[in-house]
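Next come the chains, spelled out residue by residue.
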Amino acid sequence: MSRKQVDHDYNLRSMSNLMGERWKKVNDGGERSLIKAPSSASISSQGASAGVSTAGAPAAASSSSSSTGDLERAARKQFQQDVTPGFVYVLAVFSALGGFLFGYDTGVISGAMLLLKRELDLSALWQEVLISSTVAAAALSALLGGFLNGLFGRRVCILLASFFFTVGGIVLSTAPGKEVLLTGRLIVGVGLGIASMTVPVYIAEASPPHLRGQLVTVNTLFITGGQFTASLIDGAFSYLKHDGWRYMLGLSVLPAMLQFMGFLFLPESPRWLIQRGLTQKARRVLSQIRGNQNIDEEYDSIKNSIEEEEKDSGGDGPVIWRMLTYPPTRRALFVGCGLQMFQQLSGINTVMYYSATILQMSGVRDDRLAIWLAGLTALTNFLFTLLGVWLVERVGRRKLSLGSILGTCLSLSLLAFGFLMSAQHSPPVTFHPLDPAMANTTCSKYPLCEPCMLDPGCGFCYSENGSALLTSSCVPVNKASTEHAAWGRCSNSSLMSEQAYWAYNYCPTSYSWLVLLGLVLYLAAFAPGMGPMPWTINSEIYPLWARSTGNAWAAGVNWTFNILVSLTFLHLAQYFTYYGAFFLYSSLALLGFIFIYGCLPETKGRRLEEIEALFENQLCSCGVSDSDEGRQVEYIRVKGSNYHLSDNDASDVD
Ligand SMILES: O[C@H]1[C@H](O)[C@@H](O)[C@H](O)[C@@H](O)[C@H]1O
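Residues numbered from 1 in each chain as written. Predicted model: local features only at pLDDT ≥ 70, side-chain atom pairs only at ≥ 80, totals over all residues. Heavy atoms only, no water.

## A look at the state of the cysteines
Per the counting criterion, the structure on display carries 4 disulfides. Through a disulfide, C443 is tied to C458; the S-S separation comes to 2.1 Å. Measuring the twist about the S-S bond at about -85°, one finds the C443-C458 disulfide to be left-handed. Placement of the pair is C443 in the loop between helix 19 (436-439) and helix 20 (449-454) and C458 in strand 3 (residues 458-465), with a sequence separation of 15 residues. For C458, a relative accessible area of 1% corresponds to the buried category. Through a disulfide, C452 is tied to C474; the S-S separation comes to 2.1 Å. (Disulfide = S-S within 2.5 Å. Helix = DSSP H or I, 4+ residues; strand = E, 2+ residues; numbered from the N terminus. Buried < 20%, exposed > 50% of the residue type's maximum accessible area, 1.4 Å probe, protein only.)

## What to know about the site of the ligand
Taken together, F102, T220, T224, Q227, Q343, Q344, N349, N381, F526, G531, W535 and N558 are the residues near the ligand. In this structure, an oxygen atom belonging to the ligand sits 2.8 Å away from a side-chain N or O atom of Q227. Side-chain polar atom of W535 to an oxygen atom of the ligand: 3.1 Å apart, as the coordinates give it. Its free accessible area being 300 Å², the ligand has 99% of it covered by the protein chains. Within the residue set of the shell around the ligand, elements represented by two or more residues are helix 8 (209-237) and helix 15 (327-345). With 3 residues, the single largest contributor to the shell around the ligand is helix 8. Among the residues forming the shell around the ligand, the class breakdown is 3 nonpolar, 9 polar and no charged. When we break the shell around the ligand down by domain, the ones giving at least three residues each are domain 1 (83-266) and domain 2 (317-422 + 511-588). (Near = heavy atom within 4 Å. Polar contact = N/O pair within 3.5 Å; in protein donor to acceptor, adjacent residues only side chain to side chain. Areas by Shrake-Rupley, 256 points an atom, 1.4 Å probe, with all protein chains shown as cover. Nonpolar A, V, L, I, M, F, W, Y, C, P; charged D, E, K, R; others polar. Domains from an automatic or database assignment.)

## Focus on the nonpolar core
Core analysis: the biggest nonpolar cluster contains 71 residues, and L415, F419, Y542, Y578, F582, Y585 and I596 have the highest contact counts within it. Considering each element in turn, this core owes the most residues, 17 residues, to helix 23 (residues 544-599). In this structure, this core is formed jointly by two domains, domain 2 (317-422 + 511-588) and domain 3 (427-508), each of which donates at least three residues. Aside from chain neighbours lying at most four places away, what touches Y542 is M323, A332, L333, G336, R547, G550, N551 and A554. Residues A92, A175, A206 and I233 belong to the second largest nonpolar core, which totals 68 residues. (Core = buried A, V, L, I, M, F, W, Y, C linked by side-chain atoms within 4.5 Å. Contact = heavy atoms within 4.5 Å.)

## Comments concerning the packing of aromatic side chains
Applying the stated rule across the entire model yields 20 aromatic pairs. With centroids separated by 6.2 Å and ring planes inclined at 65°, the aromatic side chains of F163 and F164 adopt a geometry described as edge-to-face. Residue class for F163 comes out partly exposed when judged on its relative accessible area of 45%. Here F569 and Y585 contribute two aromatic rings whose centre-to-centre distance is 6.4 Å and whose plane-to-plane angle is 20°, an arrangement assigned as stacked. (Phe/Tyr/Trp six-rings, centres within 6.5 Å; stacked < 30°, edge-to-face > 60°.)

## What about the pattern of salt bridges?
All told, the structure shown has 9 salt bridges when counted by the stated rule. Put simply, R212, E393, R397 and E540 are held in one network by salt bridges that share partners. (Salt bridge = Lys/Arg side-chain N within 4 Å of Asp/Glu carboxyl O.)

## A closer look at the sheet that holds strand 3
Hydrogen bonding along the main chain pairs the strands of a sheet, whether they run parallel or antiparallel. Ordered by their spatial adjacency, 3 strands build an open sheet running 4-3-5, and the pairing between neighbours is antiparallel. Two strands lie at the open edges of the sheet, namely strand 4 (468-476) and strand 5 (501-503), each paired on one side alone. For this sheet, the mean angle separating the axes of adjacent strands, direction not counted, is 30°. Relative to strand 4, strand 3 is paired through 7 bridges, and the arrangement is antiparallel. In the strand pairing of strand 4, N465 is matched with A468. (Pairing = 2+ DSSP bridges. Axes fitted to C-alpha atoms, helices over the stretch in contact; angles between N-to-C directions.)

## Considerations on the environment of V253
Relative to the helices and strands, V253 resides in helix 10 (residues 253-265). Linking V253 and K281, residues 28 residues apart in sequence, is a C-alpha distance of 32 Å. Contacts of V253, omitting those with residues within four sequence positions, involve T166, G169 and I170.

Quick look at the structure:
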């Protein structure tokens, strides 16, 4: 069926929800288009100046929908010209401190661990437990956060999260031993889970539609900003001989307290208030955050949609059950969780974590320098997320996500190819010790650097003249610190760097530039789209009754896959080699592309109340297609029928 054909039987409510305006059916020579009837003064005045006929004249389908596009754009422009009060920015920035803490607390631990394992003599198991306990606690508390959000509201949850961050930071910085450290990391994890699911919802519910994408994306900008700050703090405090980790872990208390104090004065989300029947308060908050705009229309639209939703979502039982048994929310949940899953499966946290090693492969031999340069990776992630903030309202969520995941997939392949070339030109092991006590290790049997490096018990010790390898051996790693070999010339710091270099986890290679290029391209592709979009889109695709639960489950999926990918990476690399692991991530990103292409509708510029309609029919039915005249048509399939939403010149597609 041509996409220009529109069926007879359509659901008017869905469409009026969808565009937030009244719609009329126009019979158009056997084809039906939808054009919008002006309902507000601003629209009619703009519509008149744009010369738009709204009376249902039997115009050609393309011109009527083109006029609809003009009218839509004019209305949007008018809306944007109305003053957006600065208060909404203040509110977004204070909320996004939760994102900053998310980034800081997940980022700071790698640098802190270098000091902790030395000072507290931590075993590999304890190191692993201290790192992953926070993520595991975050996964569980994100789910719990959905329930708390529904019950106490967004504001109380953000206060609760900043309280956990503060207490966790204090416990961590004063911890006398590893058990207390673990307690602190668990407390911080609880804060992380609650903040990660509440903040995007709160910002989305308070923002006007034309700014929503940008303001929610600012939260991810703060996440990456937190990760960058953590790398700077890690670098700076790594010079302290004692207790540097206490400052690293404790400094998060400052933004946490700032957020707590700010939220004592910031309001509850108006949508949650209306849902709870606190209508007077909701009106007050709406006026506060919309400044001099007329809030009646927004208030009514929220209220109506809550009433409609209550009928639609009917039934009893836990919200997640109602979501799963009601097709639109089931589809939204599928899309939301899928996005979060593919975000993590594209390996962002592995790439970030592994960047110091990638830099070492490129010839940066000094550990400290590698830590500082890893900060550059975090900075690149941050800067490209900034690009995402700029792009999200310009190109829309769908195109941004698609472009980003495609770029992620290609750059992962480049990374993998770089690793493959390094492996194929792996330097040989030229020196096999004669001393039987030393020779009888698994390490000394490896003929090349590649298998030696993939064995976590061994490292490659070598000397070179310029870029020519002189002698090399594969020796066991020092169990107490992977920075040295267990014996031989690489076991002694003073000999190392003068006569020999110790490569643990990597091999010297002349293909490092390929890997480095892959890393930079990866961040440039991932950070503007796949980094922020899963959070942004989840904050807007669920109806109010399902919003906190939907976000809770999606955030839970994010944290779960985060831990899964980071815990399996080294094993994956061991069994499939590094290039195998990165080719796997690249194939998963390709699957993600297909998923997004098929299932993600555009939500840009729509009211939260309108977005539910996008999920009311079968999945994979929204997008932009070429019309018969070679123009691009934005369409949606509702209840088995196709509707044009806009008809724009290819150069001017929303
Ligand atoms: O969106 C964020 C961001 O991309 C971070 O850099 C990453 O560490 C998180 O896991 C992710 O959820």
